[in-house]
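Understanding the architecture of this molecule
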Amino acid sequence: MNKSLCNSALKLTSYSGIENAETFDNILNILKTPCNDYQSSVKKFIKLLNYIQYNNIDVTSFNELVALHELVAPHDGAVVSMMSIHFNLAIGTIANLGAQTPYIEDLYQKLCSGSAIGVYLATELAYGNNLIAIETQADYLPEKGVFILNSPNSGAYKFMPNTLSCELPKVAVVLAQLNVSGKKYGIFPFVLPLSVNGQLTAGVKITLLGDKPGFYLDNAITSFDNVEIPFEGLLAGNMITLTRNGQVSLHTKKLKERFSLITNRIHTGKLCMAVSSVAGAKSALHITNTYGNKRQTFGYSGAMPVINYFHFREGVAWDTLSTITHALYLRELTKKVSVMLSGSVKNFKFSDEVLIEIITAKSLCTWRTQEILINCRERCGAHGLFTINKIPNYLMGNFGAITAEGDNVVLSLKAGEMIFIDGVKNHKANVQHDLFFILNDYMDFLLQKLNKLIVSGNKKTNFDAVNKYSGDFLELSQTYAVLSVVTTIIDTYHTDDIDMIIEGYLLDWVHRTMSNLLIGEVIDLQEAKKIDERRIEYIRKYAEKINDYISEFELDKSGIETPISSDDYISWYAGNHNQLKD
């Protein structure tokens, strides 16, 4: 990448600092353009593609792609979504599984050069998270050397990819069931252009879905009626060999293993969503903290800024602690995943351990960001309701992140089941903190409880067991995530400030888990009271210092401009009003 999009220095005082921000005037001008419909969002995304191409930004590097998500997210959630689909899902899947045939290479280069937009068609009306059961069919006809793509019923219509036609052609990666000579081989990705020379490909039908408030994306329902895909359009990696005359050699025998290979870029997308979510939290905290320092109210000592109220200042501090901690953790997790991807570009899949970490990170970070955004909205009063002050749009974008690349609850239940079956990594290695050990003991308690409740010699679980004890599986998943966060940061950063932040982060999570800790007798009432007193003392001591870190987010350099985060929000509103009168 010719120009770094964010500061990679591992310093506590630079969580999202943008290196040489003055060189990014052009991209910031693109990102700051307001959108009020999906057409304007698509046009903004096309301008972003042109900028990336013109500046030779290497978004095939996962590190750089995630950095771009972090830069764009505070400005436009819809553009982030299009960008993640285009670069991560479409281009990433083709790069991992596509053969270097002229057909694939032509479409791939169009996507990489920004002369076509990539879309990803996986979920269906009847199948959301259960991708392995989707019904879209791809039947191979050896006599013609083509696949015939069909939506056999309305439940198989693809819901809700951004497939509407625009000024650039769209190239689709479509997940479908592969059938050869009457035999089913499970789902595989197929590549096809949705339009040719401005006309929809024969048999493709696309219908616009309604708007999502403040999140202008061209979501649609897409169906297929005998759509022909060339022989080279199958993305099979090294899992299967299919000859033109219809002979099949299956190299990856297990359906589950093939599914893991096929969907690996959905998992990297989870990380993209988590980083985008935390970027929105940073921006909302910047806006709210600025507003809190300028909004005047009346106290016992006279006029004062509203942030002087403990509930405001300390609430912002708790939310900032989580945001800082999650930002640092996601940076390290991104580095780890980026190394894995660069080491095996083709036919890559994640280990269960890394997959658990990605899933739990996405759920933990996006759920906590949702709390933060709701808190920021309320702290800003009526101002927080207006789109121009951005927080409502962040809320809508984060709803999308919670659902995108797998719904959080479904993912967390799956991760909890995997932790239960596979066991847990040793979180204790380099951590010496009493609160950490309390949470670690709580996780051990949950595992022991589930072991007693689920009677099975080989520790296999089933739907009934996970469904019956879903609360425990969700708790197990989230506790695992919190311990992973703390372990990663303690192993990576070694400063007094980090010790202070980890202390607060653990106090917050122990407080959130307190009732379950007492019910499970992990701690007693006396310990709980001491921890609560310690928590109050901590935030009274450090709230102001923690909130000072918000300036290190450097959102002002990212071009975030709202009335309530301006130098004088009253003058901003009044100036607009007077200008309108004139």
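Rules used throughout
- Residues numbered from 1 in each chain as written.
- Predicted model: local features only at pLDDT ≥ 70, side-chain atom pairs only at ≥ 80, totals over all residues.
- Heavy atoms only, no water.
- Core = buried A, V, L, I, M, F, W, Y, C linked by side-chain atoms within 4.5 Å.
- Buried < 20%, exposed > 50% of the residue type's maximum accessible area, 1.4 Å probe, protein only.
- Contact = heavy atoms within 4.5 Å.
- Domains from an automatic or database assignment.
- Buried area = accessible area lost by both parts, 1.4 Å probe.
- Salt bridge = Lys/Arg side-chain N within 4 Å of Asp/Glu carboxyl O.
- Polar contact = N/O pair within 3.5 Å; in protein donor to acceptor, adjacent residues only side chain to side chain.
- Helix = DSSP H or I, 4+ residues; strand = E, 2+ residues; numbered from the N terminus.

1. Observations regarding the nonpolar core
With 187 residues, the main nonpolar core has L149, L178, F188, F190 and L330 as its most contacted residues. Excluding its chain neighbours within four sequence positions, the residues that come into contact with L149 are T136, Q137, A138, V174, A176, L192, F224, D225, N226, V227 and I229.

2. Describing the domain arrangement of the protein
The domain boundaries assigned to the protein delineate domain 1 (8–97), domain 2 (119–252) and domain 3 (263–563). Contacts between the two partners involve 30 residues from domain 1, matched on the other side by 46 residues from domain 3. Note on domain 1 versus domain 3: buried area summed over both sides is about 3200 Å², and carbon and sulfur give 59% of it. Inspection of the region where domain 1 meets domain 3 yields 2 salt bridges. At the surface where domain 1 touches domain 3, the tally comes to 7 residue pairs in polar contact (both at pLDDT 80 or more). If you list the elements that add at least two residues to the side of domain 1 that touches domain 3, you get α3 (62–72) and α4 (77–97). Among the elements that make up the side of domain 1 that touches domain 3, the one with the highest residue count is α4 (10 residues).

3. Remarks on unusual backbone geometry
Working note: non-glycine residues mostly have negative phi, and peptide bonds are mostly trans. Residue M160 follows F159 across a cis peptide bond; omega there is 15°. Unlike most non-glycine residues, E521 shows phi in positive territory, near 55°. Considering the arrangement of structural elements, one finds E521 in the loop between α16 (514–519) and α17 (525–548). Residue E521 is classed as exposed on the basis of its relative accessible area of 69%.

4. Description of the environment of N462
Mapped onto the elements, N462 comes out in the loop between α12 (434–453) and α13 (463–468). For N462, a relative accessible area of 45% translates into the label partly exposed. Each C-alpha atom of the pair N462 and S276 lies 33 Å from the other, and the pair is 186 residues apart in sequence.

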